[in-house]
Amino acid sequence: MDAWIIYPKSTIEKKTKSGQIDRTKKYAKDNFNLDVDVVSSHDFYISCEEGKIKLYYQEKEITNLPKIAIFRKYDIYLARQLELMGVKVMNSTQAMIDARNKMKTYQVLANKGISTPKTLYIVSGIKKKVFYYDQVCKFFNSSKFIIKYTYGSQGKNVHLITCEEEFNEAVKKYEGICIFQEYIESSYGMDIRCYVIGGKFVGAAIRKGADGDFRSNLAQGGHPIKFDYNGKVAKMAVEAAKAFNLDICGVDILFKGNDEYTVCEVNALPGFKSLEGTTDKRGSIVLLELINDTLKEI
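Since we're looking at a predicted model, the values are computed, not measured. The residue numbering used here restarts from 1 in each chain and proceeds along that chain's sequence as written. The predicted nature of this model means local features are confined to residues of pLDDT at least 70 and side-chain atom pairs, given and counted, to a pLDDT of 80 or more, with totals for whole chains, interfaces and linings taken over all residues. Computation of side-chain values: all heavy atoms of the structure, hydrogens and water removed.

Asker: Can you break down the pairing of strand E4 (residues 52-57) residue by residue, with the values?
Answerer: Regular strands have side chains that alternate between both faces of the sheet. Here a strand pair is declared whenever DSSP counts at least two bridges between the two strands. To qualify as a helix, a DSSP run of H or I must reach at least 4 residues; to qualify as a strand, a run of E must reach at least 2; elements of each kind are numbered from the N terminus. Where strand E3 (residues 44-49) meets E4, six bridges bridge the pair, whose relative direction is antiparallel. Paired with Glu49 across the strands is Lys52, a residue of E4. Across two bridges, the pairing between E4 and strand E5 (residues 60-61) is antiparallel. Residue pairing in the sheet places Tyr56 in a bridge with Glu61 of E5. Between E4 and the antiparallel strand that follows it, E5, lie two residues; Gln58 among them carries a positive phi value of about 50 degrees.

Below you can see the structure in the form of structure tokens.
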């Protein structure tokens, strides 16, 4: 087996019903001569006993592993196990861990000199987290700013704060495990989702939020619009993906105005709806191309 593409069980069921899994496997064989299987992450289990670790799939111990495993679901322990057994995991376990933590995202990007929105993290005691609304307002020189849960995704757990009551409610909800970020009005309800695969920029789309929503995520009702990207956007996206060593990366970029941009998010598990909805490219084929290119290097 050349590669596994690993999805959650619910996605496998949908793709099986639509025939997409069979089409993907056939396309891989016909166009790249690749043996690719699409498998469910929920059918694996790992055992540790007597100083040995064993990996099982559908209750059978695995003896023949693929050369590559592409993860379309966050599962750090399974990814790590496959890496320990010599499989090339994409994205790597460490890259997924780094990109999923929003504060670490901004630390990594800023350390590489890549523009990000002004961000604040307040270090507090473990048992007693104290946050001051006035302190945050002073930092941003504004009473309007963003609060994000450190481990959120798909636009969930992101709030536009306009008053102290909203601030206190959000901080309490996330038990202080959050960051504060400047509100960029010029990009209200809109961003650019860029795709970087195997270190190459493959496309981008503008994501427009649902009416009245400052978030642009498709999971929150947004929709993609064709975007004639420029070299500045493409370069910024590639640099962001490279900073995290991500093989499969979605980079969300905000409009700052005057042809300036800033990186809002780096996603290690990007959906391909924005790409597919605005170009002739398909996510499954992009992944097969990545597998084919990677096999030539390992």
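Asker: Give me the lowdown on the nonpolar core, citing residues and values where you can.
Answerer: Note that soluble globular proteins tend to have their nonpolar side chains buried in a common cluster. By nonpolar core we mean a set of buried residues, namely Ala, Val, Leu, Ile, Met, Phe, Trp, Tyr and Cys, connected to one another through side-chain atoms within 4.5 Å. A simple rule labels every residue: compare its accessible area, found with a 1.4 Å probe on the protein chains alone, to the largest value its type can have, and call it buried under 20%, exposed over 50%, or partly exposed in between. If you look at the biggest cluster of nonpolar residues, it comprises 45 residues, and the most contacted ones within it are Phe71, Leu82, Ile192, Cys194 and Ile253. In terms of residue count, helix H8 (residues 231-244) provides more of this core than any other element does, eight residues in total. Once you skip the residues sitting within four places of it in the chain, Phe71 turns out to touch Ile6, Leu78, Ala79, Leu82, Val89, Met90, Met96 and Leu269. Residue contacts follow a heavy-atom distance rule, with two residues in contact if any of their heavy atoms lie within 4.5 Å.

Asker: Lay out the sheet that holds E5 with the relevant residues and their values.
Answerer: Ordered in space as E3-E4-E5, the three strands form an open sheet in which the pairing is antiparallel. Strands with a single pairing partner mark the edges of an open sheet, and in this sheet they are E3 and E5.

Asker: So what about the packing of helix H2 (residues 20-32) against helix H10 (residues 283-295)? Which residues, and what values?
Answerer: Every axis corresponds to a line fitted to the C-alpha atoms, with the helix fit spanning only the stretch in contact, and the corresponding angles, defined between N-to-C directions, vary from 0 to 180 degrees. As a packed pair, H2 and H10 sit with axes 11 Å apart at the nearest point and diverge in direction by 40 degrees. Relative to H10, the element H2 is oriented oblique. Once H2 is placed against H10, the crossing between them reads as right-handed. On H10, the residues touching Gln20, Thr24, Tyr27, Ala28 and Phe32 of H2 are Ser284, Ile285, Leu288, Glu289 and Asn292. Considering only residue class, the contact of H2 with H10 consists of five nonpolar, four polar and one charged. Roughly parallel here means an angle under 35 degrees, roughly antiparallel means over 145, roughly perpendicular means 65 to 115, and every remaining angle is called oblique. Handedness of a crossing is defined here by the sense of rotation of the near helix relative to the far one, left-handed for an anticlockwise turn of less than a right angle and right-handed for a clockwise turn. Each residue receives one of three labels: charged for Asp, Glu, Lys and Arg, nonpolar for Ala, Val, Leu, Ile, Met, Phe, Trp, Tyr, Cys and Pro, and polar for the others, Gly being one of them.

Asker: Got a sec to walk through the sheet that holds strand E12 (residues 190-197)? Specific residues and values, please.
Answerer: Pairing is antiparallel across the open sheet formed by five strands, whose spatial order is E14-E13-E12-E15-E16. Of all the strands in the sheet, just strand E14 (223-226) and strand E16 (260-267) have a single pairing partner and so form its edges. The mean inter-strand angle of the sheet, taken between neighbouring strand axes irrespective of direction, is 35 degrees. The sheet contact formed by strand E15 (residues 248-257) and E16 spans seven bridges and is antiparallel. What sits directly across from Gly257, in E16, is Glu260. Each of E12, strand E13 (200-208), E15 and E16 is contacted by H8, which is oriented at about 35 degrees to E16, the strand it contacts most.

By themselves, these are just geometric observations and shouldn't be taken as functional.
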